[in-house]
Amino acid sequence: MGSLMRSEQMVLCQLFLQSESAYSCVSELGELGLVQFRDLNPDVNAFQRKFVSEVRRCDEMERKLRYIEREIKKDKIPVLDLGDNPDAPAPREMIDLEASFEKLENELREVNSNNEALNKNFLELTELKHILRKTQQFFDEHERSLQADAQEALVHQDQLEQQQQALHLGFVAGVILRERVPAFERMLWRACRGNVFLKQAQIDVPLSDPVTGDEVWKSVFIIFFQGDQLKTRVKKICEGFRATLYPCPESAAERREMAMGVMTRIEDLKTVLSQTTDHRHRVLVLAAKNIKNWFIKVKKIKAIYHMLNMFNLDVTQKCLIAECWCATADLDKVHHALKRGQERSGSNVPSILNRMATSQKPPTFHRTNKFTKVFQSLIDAYGISSYQEINPAPFSIITFPFLFSVMFGDFGHGFIMFLAALWMVLRERQLQAKKSDNEIWNMFFGGRYLILMMGAFSVYAGLLYNDIFSKSINVFGSSWSVPSGVYFFNDSVDNWLTSATLEPSPYHLFENKSGRYYLPYNETTSSFSGSPYPFGLDPVWAIATNKLTFINSFKMKLSIILGVVHMMFGIWLGLLNHTFFNQAINIFCEFIPQVLFLSCTFLYLVVEIIYKWVSWSAREPNLDTLTGCSPNLLIGMINMYLFTGGQYNNTLDPITHTNYTCSSANPLFGQEGEFVQKFLVIIIAVCIPWLLVPKPFLLWRRGVSKVDKSLVLQYNIVYLFYCLSLFY
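Parameters at a glance
- Residues numbered from 1 in each chain as written.
- Predicted model: local features only at pLDDT ≥ 70, side-chain atom pairs only at ≥ 80, totals over all residues.
- Heavy atoms only, no water.
- Pairing = 2+ DSSP bridges.
- Helix = DSSP H or I, 4+ residues; strand = E, 2+ residues; numbered from the N terminus.
- Axes fitted to C-alpha atoms, helices over the stretch in contact; angles between N-to-C directions.
- Buried < 20%, exposed > 50% of the residue type's maximum accessible area, 1.4 Å probe, protein only.
- Polar contact = N/O pair within 3.5 Å; in protein donor to acceptor, adjacent residues only side chain to side chain.
- Contact = heavy atoms within 4.5 Å.
- Parallel < 35°, antiparallel > 145°, perpendicular 65-115°, else oblique.
- Nonpolar A, V, L, I, M, F, W, Y, C, P; charged D, E, K, R; others polar.
- pLDDT = per-residue confidence, 0-100.
- Patch = residues over 30% accessible without salt bridge, like charges linked within 9 Å, V, L, I, M, F, W, Y side chains within 5 Å.
- Areas by Shrake-Rupley, 256 points an atom, 1.4 Å probe, with all protein chains shown as cover.
- Salt bridge = Lys/Arg side-chain N within 4 Å of Asp/Glu carboxyl O.
- Core = buried A, V, L, I, M, F, W, Y, C linked by side-chain atoms within 4.5 Å.

Caption draft 1: The arrangement of the sheet that holds strand β8 (residues 244–246) in detail. Taken in spatial order, the four strands make up an open sheet running β4-β7-β3-β8, and their pairing is antiparallel. Every other strand in the sheet has two partners, leaving β4 (197–202) and β8 as the edge strands with one partner each. Within the sheet, the average angular offset between the axes of one strand and its neighbour, ignoring direction, is 25 degrees. Inspection of the sheet shows β4 paired to strand β7 (residues 218–225) by six bridges, in the antiparallel sense.

This is the structure:
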């Protein structure tokens, strides 16, 4: 329990490790995870340390593994993760790992290069196939058009000769991206001044890009022109639009022969591509089985050499000297880990561990389990406590879920949260074995015990608020009833009660479709039975017209009470820290003025809230104790700080429409309470300089050197803002 309430007692240890066993010893200490090494070479550049070459080799191995992992993910091959935690390999095994990764990377790069070249060749042949097919269609359509014109009797011989000459025009054929065709056509028309003829057709199937693997849509085009000058201009325009040109024979027989050769080469390429893809897939499947273990091994090797770079060498260059923080209770485990490391390395010289006396402040170490880990992480997110200070995490196990439930407060939603967290808790082993990479899921799963507690407390708060999916349930019977005189009988049924303001005052406001009615107070017409609902809020408040006024006022006052209690609890925990560290200056300059300041402000407000609940009743016929005559807490606090006297409230009689005066003064405790409030304000005024001045001055006087005084000045500035935050 001491470790839970305060951080573990730490000790500074000095290690003497032989050079041949240092790697194994650090590996065993890393697997143990109970020491924190200090950097004994803070002034040495990271590139000038002893084991920097080994760290670079590890970085290179990580780069190769990341490349292999990208290739595995590209092929969508599942990575096998059995949850193994392999030990760090020996230094001599590092060479074997480097060789394996180098061979695997080179093989993958070679296969990818060949595959890319084959895909590029396959794309070119496919585009050529579509060009031959589409151009043949263009020429067939043109020949049919010439034959139809020749059969017409009105066609002159000179026109036929001109059309035959047109068949001997030069042309180029190629493919271009479909979205570039309109701009390509406009550029040809403008650059060639309309002296070219463009014919294009879309390729029906998408083609695969050999580099990115994305699907692209292209179109086949053929351009007819006359003259070498236009030919050069057309080729430059095609090059500018990144269009690919292919040779296309002029005769139909040559085109058919080329098409048959292209189809044969395409079939051969498909066979080669299939074999290459299968080989690449087999290599990646074998790599996927070990990729996780390889990553763990390389990271452990890198971490070990990173720690070894923090050690010092003795004058003989045969022994490494290290300093580390360790929990006192774990010293025996550290001794055993060093012994195991010595045995693994085969060294005959044992490692030495010495406890060192130091004035340095030890690090904070809280031992946690799977339940307290999430609460400790929540506290550490706000700030890690100093060494041996009170740990707020055990108290947050109750306070945090409870304060959440005060805000959340719904039985239905809280029960869903509770069931979801309970499912994660009961099946945590199976869910942990899945090793999900989903960040959101891992966040929820890591906080399963926190969600479980929040759900349980929200169920309780929802019962108190009588709120189940924003609905109320009448279990014990409402304490409110509709008075008998509210229903005014006539021939129409429209005078039934439609709404009511729930306020058990001497006069009750009821409303129906004919108008509003005020009924005087008596036992027969009172809508409140006098006894509260047995547990939680009365369900009738869900349909009351003044629901928000009552609920918000109730929750606001309840939040103030819980918040002040929480703050006061934190201040008293600070007293335990001050007494534990024998800090008398903090007791007299922090704790006492903080308690006085908080007590005279918010704790006094809490007393007023409770006193008002107890002393003022809405059902008493005496006007002095009616709700309408109860003092306003906000106005009372303002008057308290302004040193103004009490004001008398004038209340309108709803029957006689005349004003009657409440005899209770606005100060909550009557006229005699003004003296108490003035005395509290004086204490508050005294606490402000008490908090701000004495401690910084004493710390300034206590500082010896200029460096200490500069640190004290920085602390005073931070402390000043902290005190101001308490006021506001």
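Caption draft 2: Geometry of the side chain of Ser219. For Ser219, the location among the structural elements is in strand β7. On the accessibility criterion, Ser219 (1% relative accessible area) is buried.

Caption draft 3: Region of the structure containing the side chain of Arg448. Looking at where Arg448 falls in the secondary structure, it is placed in helix α15 (residues 448–465). Of the residues examined, Arg448 reaches a relative accessible area of 5% and is grouped as buried. One polar contact links the side chain of Arg448 to the main-chain carbonyl oxygen of Phe445, over a distance of 2.8 Å. Sequence-distant contacts of Arg448, that is, excluding residues within four places in its chain, are made with Lys370, Ala421, Met424, Val425, Glu428 and Gln432.

Caption draft 4: Here's a closer look at the packing of helix α10 (residues 372–382) against helix α11 (residues 393–408). Following both chains from N to C, one finds α10 and α11 inclined at 90 degrees, their axes separated by 9 Å at the closest point. It follows from the interaxial angle that α10 and α11 lie roughly perpendicular. Residue-level inspection shows Thr372, Phe375, Gln376, Leu378 and Ile379 of α10 in contact with α11, the latter providing Ala393, Ser396, Ile397, Phe400 and Pro401. Class assignment for the residues of the contact of α10 with α11 results in seven nonpolar, three polar and no charged.

Caption draft 5: Here's a closer look at the confidence of the model for the protein chain. Overall, the prediction assigns the protein chain a mean pLDDT of 80, with 80% of residues at 70 or greater. The secondary structure element of the protein chain with the lowest average pLDDT is strand β14 (residues 515–520), at 46, and the one with the highest is helix α12 (residues 411–426), at 95. Below pLDDT 50 for its whole length, residues 484–498 participates in 24 contacts with residues either more than four positions away or in separate chains. Throughout residues 652–661 the model reports pLDDT below 50, and contacts reaching past four residues in sequence, or to other chains, amount to 22 contacts.

Caption draft 6: Focus on a nonpolar patch on the surface. A cluster of nonpolar side chains, Tyr460, Leu463, Ile473, Val475, Phe476 and Phe535, forms an exposed patch at the surface whose accessible area comes to about 580 Å². Residue placement: Val475 occurs in the loop between α15 and β12 (497–500).

Caption draft 7: Spotlight on the nonpolar core. With 49 residues, the main nonpolar core has Leu15, Phe37, Leu308 and Phe311 as its most contacted residues. Secondary-structure elements contributing two or more residues to this core are β1 (10–18), α2 (19–32), β2 (35–37), α3 (52–74), α4 (91–150), α8 (252–308), β10 (319–327) and α9 (331–345). For this core, the leading source of residues is α8, giving twelve residues. Not counting residues within four places of it along the chain, the set of residues in contact with Phe311 comprises Leu17, Val26, Phe37, Asn41, Leu320, Ile321 and Ala322. One finds Ile203, Leu207, Ile222 and Cys248 within the second-largest nonpolar core, a separate group that totals 23 residues.

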